[in-house]
Amino acid sequence: RGLLAVRGVSKDYTSVHGETVHALDDVNLTVDEGEIIAIIGPSGCGKSTLLRMIAGLDDDYDGEIAWERPPRPGRDIGFVFQEPALLPWRTVEGNVRLGIEVQKERLDRADERVATLLELVGLSGFAKSFPKELSGGMRQRVAIVRALAYDPRILLMDEPFGALDAITRDRLHDDILRIWEETRKTIVFVTHSVEEAAYLADRVVVMSPRPGRLQAVHQVPLDRD
Ligand code: ADP
Ligand code: ADP
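The following refers to the structure shown. (Residues numbered from 1 in each chain as written. Chains lettered and ligands numbered in written order. Predicted model: local features only at pLDDT ≥ 70, side-chain atom pairs only at ≥ 80, totals over all residues. Heavy atoms only, no water.)

A few points about the site of ligand 1
Phase 1 of the analysis: By nearness alone, every residue bordering ligand 1 is listed as Tyr-13, Thr-14, Val-21, Ala-23, Pro-42, Ser-43, Gly-44, Cys-45, Gly-46, Lys-47, Ser-48 and Thr-49.
Phase 2 of the analysis: A distance of 2.7 Å is found between an oxygen atom of ligand 1 and a backbone nitrogen or oxygen belonging to Gly-44.
Phase 3 of the analysis: In isolation ligand 1 offers 560 Å² of accessible surface; the protein chains occlude 62% of this area.
Phase 4 of the analysis: At the level of secondary structure, the elements contributing two or more residues to the shell around ligand 1 comprise strand 1 (2-14), strand 2 (20-32) and helix 1 (47-55).
Phase 5 of the analysis: Among the elements that line the shell around ligand 1, the one with the most residues is helix 1, at 3 residues.
Phase 6 of the analysis: A class-by-class count of the residues in the shell around ligand 1 yields 5 nonpolar, 6 polar and 1 charged. (Near = heavy atom within 4 Å. Polar contact = N/O pair within 3.5 Å; in protein donor to acceptor, adjacent residues only side chain to side chain. Areas by Shrake-Rupley, 256 points an atom, 1.4 Å probe, with all protein chains shown as cover. Helix = DSSP H or I, 4+ residues; strand = E, 2+ residues; numbered from the N terminus. Nonpolar A, V, L, I, M, F, W, Y, C, P; charged D, E, K, R; others polar.)

Structure below.
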């Protein structure tokens with residue numbers, strides 16, 4: 001079942017020197033419910049831009065992003081950045097809880113949900129810790145489950161493992177697969193790593209750095225089983 005379709009999306013930026021940068025040029029992509037898509041391509045080819053447009057973080061573009069059902073802002077889209085961006089004055093559970101506090105009707109079961117999410121990524125023992133007491137990988141795991149706390153329809157991640165060492169990254173990969181097994185969440189993530197894309201994704205979208213020529217249409221379906 002389709003979740004969303006990116007249709008003919010183009011995005012221009014104006015650089016600090018006043019030049020027009022074609023970040024996206026007639027990009028087409030469909031995302032089905034429950035699939036894991038990796039977006040891969042060289043630096044500057046527009047991966048982050050595409051993710052931001054899908055997230056609704058910027059709606060100044062040409063073309064259309066059509067959802068099966070319109071997403072509710074701040075709830076249906078979970079976003080994870082390369083840097084975890086946790087609130088330093090909140091504990092781990094306080095940070096994850098932040099994701100639930102936007103949904104007031106769910107507050108009564110918030111503690112239970114936070115506990116479940118932390119368990120999913122092996123951080124139950126760190127619920128009362130503060131972000132600065134955690135390793136980079138642990139912080140990113142907190143950021144990921146915080147993004148899931150909304151119970152969003154899609155999880156978007158922009159190079160979520162880029163800043164981590166190899167061992168931590170492997171650990172995170174397995175966390176992502178476990179989260180997917182549990183939630184069957186639609187996941188779209190940006191990566192520089194072919195290996196990472198092949199390990200995690202059902203489908204790899206290769207973006208070309210050549211505006212004006214076919215962009216984001218080389219799609220490689222993978223069979224992970
Ligand atoms: P990627 O994520 O693939 O590295 P980006 O989406 O970040 O690529 O950037 C695509 C192009 O758009 C690049 O040329 C980049 O320099 C430019 N760009 C991105 N954001 C801005 C911005 N806010 N202002 C001007 N140019 C930008
Ligand atoms: P707070 O102000 O409590 O931090 P926000 O509403 O700013 O909460 O958003 C929390 C997180 O949800 C942010 O990390 C942001 O990336 C994500 N988010 C919020 N609104 C949207 C949206 N419309 N689309 C995608 N992500 C969103």
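Moving on from the coordinates now.
Focus on the nonpolar core
Phase 1 of the analysis: Counting residues in each nonpolar core, the largest one holds 40 residues, and the members touching the most others are Ile-144 and Met-157.
Phase 2 of the analysis: For this core, the secondary-structure elements that each account for two or more residues are strand 3 (36-40), helix 2 (92-101), helix 3 (110-120), helix 4 (136-149), strand 6 (154-158), helix 5 (166-183), strand 7 (186-191) and helix 6 (194-200).
Phase 3 of the analysis: The dominant element in this core, judged by the number of residues it contributes, is helix 4, at 8 residues.
Phase 4 of the analysis: Look past the residues within four positions of Ile-144 in its chain and what remains in contact with it is Val-80, Leu-155, Met-157, Phe-161, Leu-172, Ile-176 and Ile-179. (Core = buried A, V, L, I, M, F, W, Y, C linked by side-chain atoms within 4.5 Å. Buried < 20%, exposed > 50% of the residue type's maximum accessible area, 1.4 Å probe, protein only. Contact = heavy atoms within 4.5 Å.)

Focus on helix 4
Phase 1 of the analysis: For helix 4, built from 14 residues, the straight-helix expectation of 20 Å at 1.5 Å per residue is met to within 8% by its first-to-last C-alpha distance of 20 Å.
Phase 2 of the analysis: For helix 4, the tally of buried residues reaches 12 of 14 residues, placing the bulk of the element in the interior.
Phase 3 of the analysis: Within helix 4, the full set of buried residues consists of Gly-137, Met-138, Gln-140, Arg-141, Val-142, Ala-143, Ile-144, Val-145, Arg-146, Ala-147, Leu-148 and Ala-149.
Phase 4 of the analysis: Residues of helix 4 that are buried sit in contact with strand 5 (77-80), helix 2, helix 3, strand 6 and helix 5. (Expected span 1.5 Å × (residues − 1).)

Some points on the site of ligand 2
Phase 1 of the analysis: The local shell around ligand 2 consists of Ala-55, Pro-73, Gly-74, Ile-77, Phe-79, Phe-81 and Tyr-150.
Phase 2 of the analysis: Contacts to ligand 2 include Ala-55, whose backbone N or O atom sits 2.5 Å from a nitrogen atom.
Phase 3 of the analysis: A total of 550 Å² of accessible area belongs to ligand 2 in isolation, and the protein chains cover 54% of it.
Phase 4 of the analysis: Tallied by class, the residues present in the shell around ligand 2 amount to 6 nonpolar, 1 polar and no charged.

Digging into unusual backbone geometry
Phase 1 of the analysis: Non-glycine residue Ala-85 carries a positive phi angle of around 50 degrees.
Phase 2 of the analysis: Of note, Ala-85 is situated in the loop between strand 5 and helix 2.
Phase 3 of the analysis: Even without glycine at this site, Asp-151 takes up a positive phi of about 60 degrees.

With respect to the side chain of Thr-186
Phase 1 of the analysis: As for its placement among the helices and strands, Thr-186 is situated in strand 7.
Phase 2 of the analysis: For Thr-186, a relative accessible area of 2% puts it in the buried group.
Phase 3 of the analysis: Polar side-chain contacts of Thr-186 include one of 2.8 Å to the backbone nitrogen of Gly-34.

Re the pattern of salt bridges
Phase 1 of the analysis: Counted by the stated rule, this structure contains 15 salt bridges.
Phase 2 of the analysis: Between Glu-33 and Arg-1 there is a salt bridge whose closest N-O contact spans 3.2 Å. With a gap of 32 residues between them, Glu-33 in the loop between strand 2 and strand 3 and Arg-1 in the segment before strand 1 connect regions that are remote in the sequence.
Phase 3 of the analysis: Between Arg-97 and Asp-111 there is a salt bridge, with the nearest N and O atoms lying 2.6 Å from each other. Of this pair, Arg-97 sits in helix 2 while Asp-111 sits in helix 3, and the two are 14 residues apart along the sequence.
Phase 4 of the analysis: Ionic contacts of the salt-bridge type, sharing partners, join the residues Arg-141, Arg-171, Asp-175 and Arg-178 into one network. (Salt bridge = Lys/Arg side-chain N within 4 Å of Asp/Glu carboxyl O.)

Considering the packing of helix 4 against helix 5
Phase 1 of the analysis: Axis separation between helix 4 and helix 5 bottoms out at 10 Å; the angle between their running directions is 20 degrees. For the element pair helix 4 / helix 5, the angle class is roughly parallel. Like other packed secondary-structure pairs, helix 4 and helix 5 cross with a definite hand, here right-handed. From helix 4, Gly-137, Arg-141, Ile-144 and Leu-148 reach across to helix 5, where they touch Thr-168, Arg-171, Leu-172, Asp-175, Ile-176 and Ile-179.
Phase 2 of the analysis: Partitioning the contact of helix 4 with helix 5 into residue classes produces 5 nonpolar, 2 polar and 3 charged. (Axes fitted to C-alpha atoms, helices over the stretch in contact; angles between N-to-C directions. Parallel < 35°, antiparallel > 145°, perpendicular 65-115°, else oblique. Left-handed = near helix turned anticlockwise from the far one by under 90°.)

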